[in-house]
Amino acid sequence: MNCLPHDPYIDAVIRAIREAGYNTGPDCSTEYDTDDGAVMWMEAFVDLGEDGQDGPGRVALGWRQTTGWLGVYYDGRGRYDEESSGFFADDCVLPAPAAVAAVVRQWFNGSTVWPVPGADDTTPSDGPLPALLAEALEAGDVTADLAVRLAVYWPAA
C-alpha cells in the first residue's frame, strides 16, 4: 500500500461526504511535504466539485494536522486561497468523518456558524501503529496523540 500517513482518514472523510449526498470533485489530493525545510506538513484538499459551484471560486475543504479543517476557495488551477476560520472548536484537528460531512451540509445550506463546538473527535486506537505512522512518529512529523487517532482509519495488518 503506497500512501501517506493521513490518506486513510481523508478517504474516510470523502466517503462520509458522498454518503451524505454531496459530490467531491476530481481535484482531491493529499500532500506530505516540508513547508520550510524543517517542518513536515500533512495536508489535504477536498474539492467539493459541482455542489460547491464550478470553476474559480468553487468551495473546498482544506486540512492540516496543525489547524484541522478549514473552508477554502478553489482557484481552479490546483490551488486554494482565502481560507476561512477553522470549522471545529477546542483544537479538534481530527474530527470523525461524519462530523466533517455535517459541516459540509451546514455550509451548503447557508448555515455557516463556526467553529462548531463539541465535535466528536476520533477516538485513539489501542492497537499497534501501522509502519508508516510509526515512521512519521519517529521522525517527529506527527504527535503520538495524532498518530494513534490516525491509526483508527488504517486497515488492520
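Up top is the structure.
The shown structure was predicted, so the numbers you read here are calculated from the model rather than taken from an experiment. (Residues numbered from 1 in each chain as written. Predicted model: local features only at pLDDT ≥ 70, side-chain atom pairs only at ≥ 80, totals over all residues. Heavy atoms only, no water.)

## A word on helix H1 (residues 7-19)
Two residues of an α-helix separated by three or four positions point the same way, owing to the 3.6 residues in each turn.
Reasoning step 1: In a regular helix each residue adds 1.5 Å, so 13 residues correspond to 18 Å; H1 covers 18 Å between its end C-alpha atoms and thus fits that length.
Reasoning step 2: For H1, the complete set of buried residues consists of Asp7, Pro8, Tyr9, Ile10, Ala12, Val13, Ile14, Ala16 and Ile17.
Reasoning step 3: Directly after H1, the chain includes Gly21, whose backbone phi takes a positive value near 95°. (Helix = DSSP H or I, 4+ residues; strand = E, 2+ residues; numbered from the N terminus. Expected span 1.5 Å × (residues − 1). Buried < 20%, exposed > 50% of the residue type's maximum accessible area, 1.4 Å probe, protein only.)

## Comments concerning the environment of Glu31
Reasoning step 1: On the secondary structure map, Glu31 appears in strand S1 (residues 29-34).
Reasoning step 2: Beyond its immediate chain neighbours, meaning those up to four positions away, Glu31 contacts Leu4, His6, Trp41, Met42 and Glu43. (Contact = heavy atoms within 4.5 Å.)

## Observations concerning the packing of aromatic side chains
Reasoning step 1: Summed over all chains, the structure comprises 5 aromatic pairs.
Reasoning step 2: Taking 6.0 Å as the distance between ring centres and 55° as the angle between the ring planes, the aromatic pair formed by Tyr9 and Trp63 counts as tilted. Here Tyr9, found in helix H1, pairs with Trp63, found in strand S3 (residues 58-64); they are 54 residues apart in sequence, far enough to count as distant. Side by side, Tyr9 and Trp63 carry an identical accessibility label, which is buried.
Reasoning step 3: With 6.5 Å between their ring centres and 85° between their planes, Phe87 and Phe88 make a pair best called edge-to-face. As far as the burial class goes, Phe87 and Phe88 line up, both buried. (Phe/Tyr/Trp six-rings, centres within 6.5 Å; stacked < 30°, edge-to-face > 60°.)

## Let's talk about the nonpolar core
Reasoning step 1: With 39 residues, the main nonpolar core has Tyr9, Ile17, Leu61, Trp63, Trp69 and Phe88 as its most contacted residues.
Reasoning step 2: For this core, the secondary structure elements donating two or more residues are H1, strand S2 (40-47), S3, helix H2 (97-108), helix H3 (131-138) and helix H4 (144-150).
Reasoning step 3: If you look at the next biggest cluster of nonpolar residues, it comprises 5 residues, including Phe45, Ala60, Leu70 and Val72. (Core = buried A, V, L, I, M, F, W, Y, C linked by side-chain atoms within 4.5 Å.)

## A word on the pattern of salt bridges
Reasoning step 1: For the structure on display, the rule yields 3 salt bridges.
Reasoning step 2: In this structure, the salt-bridge partner of Arg149 is Asp121, at a minimum N-O distance of 2.7 Å. With a gap of 28 residues between them, Arg149 in helix H4 and Asp121 in the loop between H2 and H3 connect regions that are remote in the sequence.
Reasoning step 3: Classification of Arg149 by relative accessible area gives buried; the value is 8%.
Reasoning step 4: With a relative accessible area of 31%, Asp121 lands in the partly exposed category.
Reasoning step 5: Note that Arg149 is salt-bridged to Asp145, the shortest N-O span being 2.8 Å. Separated by 4 residues within a single helix, Arg149 and Asp145 lie in helix H4, roughly one turn from each other. (Salt bridge = Lys/Arg side-chain N within 4 Å of Asp/Glu carboxyl O.)

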